[in-house]
Amino acid sequence: MWMWVNGELRDAADARVSVLDHGLTVGDGIFETVRTTGGRPFALTRHLDRLTRSARGLGLPDPDLDEVRRACAAVIEANPMELGRLRITYTGGLSPLGSDRGNDGPSLVVALGEVKRRPDTTAVITVPWTRNERGALAGLKTTSYAENVVALARAHERGASEALFANTVGQLCEGTGSNVFVVLDGQLHTPPVTSGCLAGITRALAVEWSGALETELPLDVLEHAEEIFLTSTLRDVQAVHRVDGRELPGGPGPVTAKAMRVFEERAANDLDP
């Protein structure tokens with residue numbers, strides 16, 4: 001495997017950043033995950049726009065998007081695969097121990113790993129921990145991911161692939177790495193970004209292409225929603241057949257099935273929507 005590390009391609013065995021990189025010591029970094037199919041990235045422009053927004057939210061310098069594009073192209077060319085997870089990581093760079101940043105500038109790492117197509121349906125759980133919709137990192141895609149690691153481990157222990165959070169006021173928010181949609185009385189809804197959820201790239205396209213409403217929803221909407229599905233870069237649109245102990249009959253339901261079909265068709269016709 002070949003990776004891009006601070007300006008050049010390196011073999012994985014020789015891909016190094018300093019142990020004093022701020023992304024390692026305090027989680028001072030941002031990232032994007034981009035799906036590649038047959039060596040072609042999907043929605044790269046939207047991902048890079050969000051990378052810049054996250055950098056500004058964290059107080060990092062704007063990334064050089066021309067360099068990021070060159071890095072992505074080089075890594076994709078060096079690692080041919082049918083379906084891949086392209087990971088762009090941008091951190092505070094070499095810094096002193098502690099929260100203060102150094103003066104050496106940010107680090108950029110781009111890597112690509114092979115993945116398998118996700119199943120059409122999955123199980124999820126809810127967790128007792130909350131998203132802070134008023135926190136400094138709300139809505140930013142940062143490398144401070146330990147909360148997600150803990151919640152996802154809980155999901156795996158219970159036979160699920162994702163864990164769903166409420167926010168601090170009890171509203172449905174998001175998953176560890178996904179956005180959530182529900183069907184109520186035949187209408188599709190998803191939490192607004194003001195809930196504290198990430199402004200997912202797949203979420204935005206699903207809203208645009210399906211006509212979903214952005215609605216503040218209580219967490220217990222999961223107990224009676226007619227259909228539920230997740231969206232993310234690697235899931236695209238994925239139906240949910242179980243939430244905690246509740247089985248949803250006949251998944252994917254008709255609204256979800258239509259959203260899956262429309263997303264697949266639109267994404268195939270435009271790789272950079």
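The coordinates are above.
The model shown is predicted, which means the values in this text are computed figures rather than measured ones. (Residues numbered from 1 in each chain as written. Predicted model: local features only at pLDDT ≥ 70, side-chain atom pairs only at ≥ 80, totals over all residues. Heavy atoms only, no water.)

1. Re the pairing of strand 10 (residues 179-184)
Step number 1: Burial analysis of strand 10 places six of its six residues in the buried class, the great majority of the element.
Step number 2: By the alternation rule, side chains of strand 10 split into Asn179, Phe181 and Val183 and Val180, Val182 and Leu184, which are all buried.
Step number 3: Strand direction decides the pairing type here: strand 10 and strand 13 (residues 227-232), joined by five bridges, are antiparallel. Across the sheet, the residue bridging to Asn179 is Thr231, located in strand 13.
Step number 4: In this structure, strand 10 lies alongside strand 11 (residues 187-190), joined through three bridges in antiparallel fashion. For Val182, the partnering residue across the bridge sits in strand 11 and is His189.
Step number 5: In textbook terms, the turn of a hairpin is the stretch between consecutive antiparallel strands, and for strand 10 and strand 11 this stretch comprises two residues, one of which, Asp185, has a positive phi near 50°. (Buried < 20%, exposed > 50% of the residue type's maximum accessible area, 1.4 Å probe, protein only. Helix = DSSP H or I, 4+ residues; strand = E, 2+ residues; numbered from the N terminus. Pairing = 2+ DSSP bridges.)

2. Digging into the packing of helix 2 (residues 44-58) against helix 5 (residues 201-210)
A pair of packed helices can be characterised by two numbers: the angle between their axes and the separation between those axes.
Step number 1: Where helix 2 meets helix 5, the axes come as close as 10 Å, and the angle between the chain directions of the two elements is 125°. On the basis of the axis angle, helix 2 is oblique to helix 5. Here helix 2 runs over helix 5; the crossing is right-handed. The segment helix 2 lies against helix 5, with Arg46, His47 and Arg50 engaging Ile201, Ala204, Leu205 and Glu208.
Step number 2: A breakdown of the residues in the contact of helix 2 with helix 5 according to their chemical character gives three nonpolar, one polar and three charged. (Axes fitted to C-alpha atoms, helices over the stretch in contact; angles between N-to-C directions. Parallel < 35°, antiparallel > 145°, perpendicular 65-115°, else oblique. Left-handed = near helix turned anticlockwise from the far one by under 90°. Contact = heavy atoms within 4.5 Å. Nonpolar A, V, L, I, M, F, W, Y, C, P; charged D, E, K, R; others polar.)

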